[in-house]
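# Survey of secondary and tertiary structure
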Number of protein chains: 2
Amino acid sequence: MHVRGIHHLGVAVADLDEAVETWQRLFGAIVEHRDSLESQGVDAVSLRVGDSRIELLMPSGEDTPVGRFLARRGPGVHHVALATDDINGALRDLDAAGAQLIDQIPRRGLYGLEVAFVHPDAVHGVLTEVVSTD
Amino acid sequence: MHVRGIHHLGVAVADLDEAVETWQRLFGAIVEHRDSLESQGVDAVSLRVGDSRIELLMPSGEDTPVGRFLARRGPGVHHVALATDDINGALRDLDAAGAQLIDQIPRRGLYGLEVAFVHPDAVHGVLTEVVSTD
């Protein structure tokens, strides 16, 4: 698949407002968007940090993917999102290359983006998201 | 501090050659550099993935920072490196902002870069490296 680069880094946090304040204070982060995705059980804030993007994710409950991650590993990097301009082609390529896909077809992610997740076992422990960008 | 953006994402792996092959095959990664840092006990490969950079880190022994990380958490994202054009100013700003620094002064990292680490407790569980770039 053709990757444009890292779209964002997804970071699981226990307190969204505290984490936003930390990233603003230490690294001059600027809030880009806020969103909630009920189907995934997360509240999120997208930050610009220089020309990069950090997505802070707070679970809306314990029995959610990010809630279980927090309980098991504590706060920290949750996933890496790679930008592509052809998400359907990317998923075909990944499938052909033998990568285990969590999402066989793109679904609607935060901020209305089309996304799909690749299983961390396929990427040496890195939960990897593919994000469609124009 | 002024951050230019994410310089690289450091990923701990158990087998460097296998991980390089995976990132090449799935995401079209291109090998940029290979290096070893005896003082840190790591062998590393720097990959370009689109306009971003992934740094794969394999420990040279169990009793090394990355070796202990692997034993405790398994392979996965180890740290996030942020680029700055003034690392000494960045460390002063971080110290003034109350961030716990692992390195009070910059040290020589992989590929001859000047780097310093901020304690993960200061960044909600994210081990953060500051990297000096021109």
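Residues numbered from 1 in each chain as written. Chains lettered and ligands numbered in written order. Predicted model: local features only at pLDDT ≥ 70, side-chain atom pairs only at ≥ 80, totals over all residues. Heavy atoms only, no water.

## Quick look at the interface of chain A and chain B
Interface size is commonly expressed as the accessible area that is lost once the parts come together. Contact residues are listed per partner, giving 37 residues for chain A and 37 residues for chain B. Both sides of the chain A and chain B interface together cover about 3,100 Å² of buried area, and 68% of this is carbon and sulfur. When the area that chain A buries against chain B is broken down by residue, the three leading residues are Leu26(A), Phe27(A) and His124(A), summing to 23%. Counting every contact that joins chain A to chain B gives 0 salt bridges. Across the contact surface, chain A and chain B share 8 residue pairs in polar contact (both at pLDDT 80 or more). Put simply, the parts of the chain that give the side of chain A that touches chain B at least two residues each are strand E1 (5–12), helix H1 (16–27), strand E4 (52–59) and strand E5 (76–84) of chain A. Tallying contributions element by element places H1(A) first for the side of chain A that touches chain B, with 7 residues. (Contact = heavy atoms within 4.5 Å. Buried area = accessible area lost by both parts, 1.4 Å probe. Salt bridge = Lys/Arg side-chain N within 4 Å of Asp/Glu carboxyl O. Polar contact = N/O pair within 3.5 Å; in protein donor to acceptor, adjacent residues only side chain to side chain. Helix = DSSP H or I, 4+ residues; strand = E, 2+ residues; numbered from the N terminus.)

## Quick look at the sheet that holds strand E3 (residues 42–49) of chain A
Residue and element names in this part refer to chain A. Taken in spatial order, the 8 strands of this open sheet run E2-E3-E4-E1-E5-E8-E7-E6, and their pairing is mixed. Edge positions in the open sheet fall to strand E2 (30–37) and strand E6 (107–108), since each of these has one partner strand only. This element, H1, spans E2, E3 and E4 of the sheet and lies at about 5° to E3. (Pairing = 2+ DSSP bridges. Axes fitted to C-alpha atoms, helices over the stretch in contact; angles between N-to-C directions.)

## Thoughts on the relation of the copies chain A and chain B
Under the fitted operation, chain A is carried onto chain B by 0.0 Å of movement along the axis and a turn of 180°, and the coordinates agree to an RMSD of 0.0 Å. Such values leave the two copies arranged in the relation of a two-fold axis. If distances are taken from each C-alpha of chain A to the rotation axis, the shortest is found for Val77(A), at 3.4 Å. Both copies share a contact surface, since 100% of the interface residues of chain A are interface residues in chain B too. (Least-squares fit on C-alpha atoms with pLDDT ≥ 70 in both.)

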